[in-house]
Amino acid sequence: MQQSFNFHSKSIEEVIENLKTSPNGLAFDEAEQRLKLYGKNIIEEGKKKSIFSLFVEQFKNVMVLVLIAAAIISIFLGEAADAAIIIAVLIINAVFGVAQELKAEKAIEALKKLNMPYAKVYRNGHLMQIKTDELVVGDIVEIEAGDIVPADLRLVESYNLKIDESALTGESIPVEKDANAILDQSSPIAERTNMAFMGTVVTYGRAKGVVVATGMKTEIGKIANFVNIQSNIETKTPLHEKLEEIGKYLTVGILAIAFIVFITGVLYKRDVFEMFLTAVSLAVAAIPEGLPAIVTIVLAIGVQKMARRNAIIRRLSSIETLGRVEVICTDKTGTLTQNKMNVVKIYCNDNLSDNLDLEDTTTKILFRIMALCNDVKMELIDKQPKFIGDPTETALVKFAYEKGLNKNAIEKVMKRVYEIPFDSTRKMMTTVHEVKNDQNLVVFSKGAVDVIIDKCRFIMIKDEILPLDEKAINKILQANKEMSSNALRVLAFAYKEIDETQLQNKNTIEDNLIFVGLVGMIDPPRKEAYDAVKVCYDAGILPVMITGDHKDTALAIAKDLKIIDTNKAENLQVLTGTEIEKLDHETLKEKVKEVRVYARVSPEHKLRIVKAWKDHGKIVAMTGDGVNDAPALKAADIGVGMGITGTDVTKSVSDIILADDNFATIVAAVEEGRKIYDNIRKAIQFLLSSNIGEVVTLFLATLLNWTVLYPIHILWVNLVTDTFPALALGVEKAESDVMKRKPKKSSENIFAGGLGFSILYQGLLKGLITLLVFFIGSKFYDTKVAITMTFMTLSLIQLTHAYNVRSNINSLFKMGVFSNKYLNLAFIASFALQTVVLVVPQLREIFRLAVLSFTQWTIVILASISIIPIVEVVKYITRHFFVDEHKGN
Ligand code: ATP
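From a predicted model like this one, the values you see are computed outputs, not experimental measurements. Each chain has its residues counted from 1, running along the sequence as written. The model is predicted, so local features are restricted to residues of pLDDT at least 70 and side-chain atom pairs to those at 80 or more, both for listing and for counting; the totals for chains, interfaces and linings are taken over all residues. Neither water nor hydrogens contribute to the side-chain values; these are computed over all heavy atoms in the structure.

Let's talk about the overall build of the protein chain
Scanning the protein chain from N- to C-terminus turns up 34 helices and 26 strands. Expressed as lengths along the three principal axes of its C-alpha atoms, the size of the protein chain is roughly 110 × 70 × 50 Å. With a 1.4 Å probe rolled over the protein chains alone, any residue whose accessible area is under 20% of its type maximum counts as buried; one over 50% counts as exposed, and the rest are partly exposed. Within the protein chain, buried positions represent 56% of all 889 residues. Sequence-distant contacts, at least 24 apart, represent 72% of the contacts inside the protein chain between residues at least 6 apart. Areas reported here follow the Shrake-Rupley algorithm with a probe of radius 1.4 Å; residue values treat only the protein chains shown as occluding. Accessible area for the protein chain stands at about 37,700 Å²; split by element, carbon and sulfur atoms hold 58% of it. Looking at charge distribution, the protein chain has the averaged site of its 103 positive side-chain charges lying 5 Å from that of its 106 negative ones. Helix and strand assignments come from DSSP, with helices taken as H or I runs of at least 4 residues and strands as E runs of at least 2, each series counted from the N terminus. Any two residues whose heavy atoms approach within 4.5 Å at even a single point are treated as in contact. Positive charge is attributed to Lys and Arg, negative charge to Asp and Glu, and no charge count is given to His or to the chain ends. Where a charge lies is defined by one atom per residue type: Lys uses NZ, Arg uses CZ, Asp uses CG and Glu uses CD.

Focus on the sheet that holds strand E23 (residues 597–599)
Spatial ordering of the open sheet is given by E8-E26-E25-E24-E9-E21-E23-E22, a layout of 8 strands whose pairing is mixed. At either margin of the open sheet sits one strand with a lone partner, and together these are strand E8 (311–313) and strand E22 (574–576). Each strand axis lies, on average, 20° off the axis of its neighbour in the sheet, ignoring direction. Whether two strands pair comes down to DSSP finding at least two bridges between them. Pairing of strand E9 (residues 327–331) with strand E24 (residues 620–624), which is carried by 3 bridges, proceeds in the parallel orientation. Bridge pairing links isoleucine 328 to alanine 621 in E24. For helices, the fitted axis covers only the stretch in contact; all axes are lines through C-alpha atoms, and the angles between them, taken along N-to-C directions, range from 0 to 180 degrees.

Here we look at helix H18 (residues 527–538)
Among all positions of H18, only Ala529, Ala532, Val533 and Cys536 are buried. Projected onto a plane normal to the axis of H18, the buried residues spread over an arc of 105° and lie on a single side. For H18, exposure combined with an orientation more than 90 degrees from the buried face picks out Lys527, Asp531 and Lys534. Looking at the packing, one finds that the buried side of H18 touches E9, strand E21 (542–546) and helix H25 (663–703). Positive phi shows up at glycine 540, right after H18, with a value of about 75°. Working definition: the arc comes from the directions between the helix axis and the C-beta atoms, pointing outward to the latter.

Quick notes on the site of the ligand
Of all residues adjacent to the ligand, which total 18 residues, the nearest are Lys332, Thr333, Glu393, Ser424 and Arg489. Two N or O atoms form a polar contact when they lie within 3.5 Å of each other; inside protein one atom must be a possible hydrogen donor and the other a possible acceptor, and for residues adjacent in sequence the pair counts only when both atoms belong to side chains. In the model, an oxygen atom of the ligand is placed 2.7 Å from a nitrogen or oxygen of the lysine 332 main chain. Arginine 600 places a polar side-chain atom, nitrogen or oxygen, 3.4 Å from an oxygen atom of the ligand. Counting residues per element, the ones that place at least two in the shell around the ligand are strand E16 (441–448) and strand E19 (488–498). Top contributing element to the shell around the ligand by residue count: E16, with 3 residues. Looking at the shell around the ligand, its residues break down into 4 nonpolar, 5 polar and 9 charged. Domain borders in the structure are assigned automatically or taken from a domain database. Shared between two domains, the shell around the ligand holds at least three residues of each, these being domain 2 (311–337 + 525–661) and domain 3 (342–522). Think of it this way: one heavy atom of a residue within 4 Å of a molecule or strand is enough to make that residue near it. Under the grouping applied here, Gly and all other residues not named as nonpolar or charged are polar, the nonpolar ones being Ala, Val, Leu, Ile, Met, Phe, Trp, Tyr, Cys and Pro and the charged ones Asp, Glu, Lys and Arg.

Brief notes about the nonpolar core
Buried Ala, Val, Leu, Ile, Met, Phe, Trp, Tyr and Cys residues that are joined via side-chain atoms within 4.5 Å together make up what is termed a nonpolar core. By size, the foremost hydrophobic cluster in this structure holds 136 residues, and its most contacted members are Leu322, Val325, Ile328, Ile656, Phe663, Ile680 and Phe791. No other element matches H25, which puts 17 residues into this core. Apart from residues no more than four positions distant in its own chain, phenylalanine 663 is found in contact with Ile328, Thr330, Thr335, Leu336, Ala532, Val533, Cys536 and Pro543.

Overview of the domain arrangement of the protein chain
When the parts of a complex come together, some accessible area is lost, and that lost area is often used as the size of the interface. In terms of domain boundaries, the protein chain breaks down into domain 1 (1–231), domain 2 (311–337 + 525–661), domain 3 (342–522) and domain 4 (671–887). Once you take the C-alpha centre of each, domain 1 and domain 2 turn out to be 33 Å apart.

Re the packing of aromatic side chains
Between 30 and 60 degrees the pair is tilted, below 30 it is stacked and above 60 it is edge-to-face, where a pair is any two Phe, Tyr or Trp rings, Trp via its six-membered ring, whose centres lie within 6.5 Å. Summed over all chains, the structure comprises 13 aromatic pairs. An aromatic cluster is built from Tyr803, Phe818, Phe827, Phe831 and Trp857, whose rings are joined through pairwise contacts. Seen from the ring of tyrosine 204, lysine 162 lies directly overhead, with NZ or CZ sitting 5.3 Å from the centre. We call a charge positioned above a ring when the Lys NZ or Arg CZ atom is no farther than 6 Å from the ring centre and deviates by at most 35 degrees from the ring normal.

Examining the environment of arginine 368
Positionally, arginine 368 belongs in helix H12 (residues 361–372). Look at arginine 368 and you get partly exposed, because its relative accessible area is 34%. Separated by 38 residues in the primary sequence, arginine 368 and asparagine 406 have C-alpha atoms spaced 9.4 Å apart. If we ignore the near neighbours within four places in the chain, the residues touching arginine 368 are Cys373, Leu405, Ile410, Met414 and Phe444.

Observations concerning the packing of helix H26 (residues 711–730) against helix H30 (residues 821–839)
Close contact between H26 and H30 brings their axes to 8 Å; oriented N to C, the two are set at 170°. Regarding the angle of H26 to H30, the classification is roughly antiparallel. Residues Trp716, Val717, Val720, Thr721, Phe724, Pro725, Ala728 and Leu729 of H26 form the contact with H30, whose own contacting residues are Tyr822, Leu823, Ala826, Ala829, Ser830, Leu833, Gln834 and Val837. Partitioned by chemical class, the residues of the contact of H26 with H30 number 13 nonpolar, 3 polar and no charged. For classification purposes, an angle smaller than 35 degrees is called roughly parallel, one larger than 145 roughly antiparallel, one from 65 to 115 roughly perpendicular, and anything else oblique.

Focus on the side chain of arginine 154
Note on placement: arginine 154 falls in strand E4 (residues 152–164). A polar contact of 2.6 Å, which involves the side chain of arginine 154, links it to the backbone oxygen of lysine 10.

Concerning a nonpolar patch on the surface
Put simply, a patch holds well-exposed residues, over 30% relative accessible area, that have no salt bridge, with like charges counted together within 9 Å and Val, Leu, Ile, Met, Phe, Trp or Tyr side chains within 5 Å. One side-chain nitrogen of Lys or Arg within 4 Å of one carboxyl oxygen of Asp or Glu is enough to make a salt bridge. Together, Val873, Tyr876, Ile877, Phe881 and Phe882 make up a nonpolar patch on the protein surface, roughly 540 Å² of accessible area in all. Tracing the backbone shows tyrosine 876 in helix H33 (residues 867–881).

Looking at the packing of helix H9 (residues 272–286) against H25
Two numbers describe how H9 lies on H25: the axes approach to 9 Å, and their chain directions differ by 160°. Between H9 and H25, the interaxial angle falls into the category roughly antiparallel. Helix-helix and strand crossings are classified by hand; for H9 and H25 the assignment is left-handed. Counting all contacts with H9, which are made through Met275, Thr278, Leu282, Ala285 and Ala286, the residues of H25 involved are Asn691, Glu694, Val695, Leu698 and Thr702. Split by residue class, the contact of H9 with H25 holds 6 nonpolar, 3 polar and 1 charged. Take the far helix as your reference; a near helix turned counterclockwise from it by less than a right angle gives a left-handed crossing, and one turned clockwise gives a right-handed crossing.

In structure tokens, the structure reads:
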């Protein structure tokens, strides 16, 4: 295999020989060896930060640096033990920070793996799907409209192939490709029409190609500006930005308070250096610099949970938006229904029947179209047929096979010579076949009934070809209506004969067809969809069905699933693509409020529907699978791609991908989204109220000229009580009403719904209780004991308060006090770390603590627990007087 072999200037045979492969693809072991030898087909991203540099970054904080300087100074002042502890705490803090960042990074890596696309490749003569990164040079791959080209390919077969190469060349008009071209050696990349390049997008047609370069050796790898499914996963969300902004205000506020603490202490003639250390420690402890990392971890854990529920998140920021979704526009086929099609009715020869056998020419032609006019691959494995392809087409091929028509066998005598592929705007497809021992060619078409009837001028009935008059059309439409209202998906079939010269005029191939018949397929709703629709309505979310299928079919299924509002007129709730075309934006905007089912729509209509809803200020989710759905998905607040039937292109623009194509998964994702957002708010509430507690304690104490804590105490309390409970709150179970309340408004900020108030009053409360304990301690015991009691209370009260934060509405006792086992573990871990400095004599010495008596412990514990009944009272009042607010009304 030569690197400098100019594949575009060589014949297909030469290329195949040079790459030591065959049209049947590589053997499994050869592919495996090549993978080992040449490496994975991936574009390497920039170098990752080393753990050391992550560690160093933790110290890039002015206050931390000031504290280190202060600690070093205190060594010279003979306070070596204090200094050592301060530095130790800072190092442990940095280690925690690194651990958090690594965890967040790992989760994002896992996310990228989940998003790895697949390629269709021939190995050992079989067509199979493998992860794109496993492709090797010499592999034979198939590409079709909607695919992102998985590696650099020399095309070996191509059918109407068009590729958008803008990712590589900047040229936005799709380029026509031709496998049979042999080009000049010097032709530039943009003119290599017999090649397809990694990262470019197939917009039309299909092709087979042999992989000539993978990974960094591909053209796009060389210029390394690859935007594909894997690499555009961003890690910073608007929530992070908001938090950073809030963080800035908090930093300024806390620095101001720390400054006041310092000045006040000095004015009270307290030790200047001690006061300086106190102020800086307070700043280090209270500035919530760990918040963004905690949010990332909570989001990342949430993402993994969602993946387990089959929703693969591609952007962390979508999680917040997901929880706020107000309208879900969903495809019908495969999303609300099972996409397990089965032919159950046939209309042919003027007759609607449940079954049909090959009797006359008309039925024979109908079965041939079923078998040949599709892109299904059929293989016989142990004499059992295995089909790969679109479920609608598979149902037809399977039905024909059961009637004795083997697709592979007739393909040999009726070779496909031309095709006009299916696309959801045209709603039909056509193939042209040459017939052995016959001069003529046959054109086979299938598609939506209305579309095919428009193309037909004749009808075949019992071997006879008659004009397609109004009477015949009415009969067909009648049969169509009957099948559609029983929720069947109906396709129409037509054909004609042409000669070679007529094939040259591509525009007329689909004209003047002869109508042959209709086929009705059942596609039952998914069982989970019934519940999911109900959950949507309960949660204030509107489910809307958008389908390319016939109005009656769509309506029948929508009624069955209870998407239609039975209290309102049915005809107000259905709109077809043709009707949409007649409406201007304003009228459509008015209509969308009522419409629950859109039938016979094309992808452009989806875009208009999204825009109409967005103009109402609603948060809209939109599903899509086909290549033309990408604009609608992009326009929606949440673009939902289909994992199984979706094209690479739609997946690459979507915010979430449904691994199971299931509507219920969207609803599950919304629930997870709401829960995660709630939990992030809980983590924030916990962290900020803890910090405020610390600030209040020290601020008021300084004003009162009390020494309640030493600097290392503040650092320690902050270290041991911060991270664990916040993370445990981040994985709190969903509150029982999470899908009973209305979506939160998009204008609502993170502190809305009383969160800001809770943070403030709870922080204040913690500070006051802690000071009260100091007061009692100093009144009845000595200062050392009082400080020890304060130290223990400030820490323990944070931990008990974490239990309050599990819900701002529901009583802790109703939720089950210990039902969040992670919080219980966090409590134990934090409490153990807190008490270790009291129990180990040497540490106790360094921390300048006293041994507490039973009574003193009792006071500490009672004071720390007292925050629970107080908050319970506030929750009770909120539940009874402010519930509506909570529900987001
Ligand atoms: P949904 O939009 O709910 O996924 P859909 O699969 O019906 O539904 P499209 O794939 O856009 O949407 O198909 C539109 C119409 O085109 C279908 O209703 C059907 O009449 C016709 N059709 C679907 N698949 C094919 C096909 N493979 N060949 C020919 N016609 C097809």
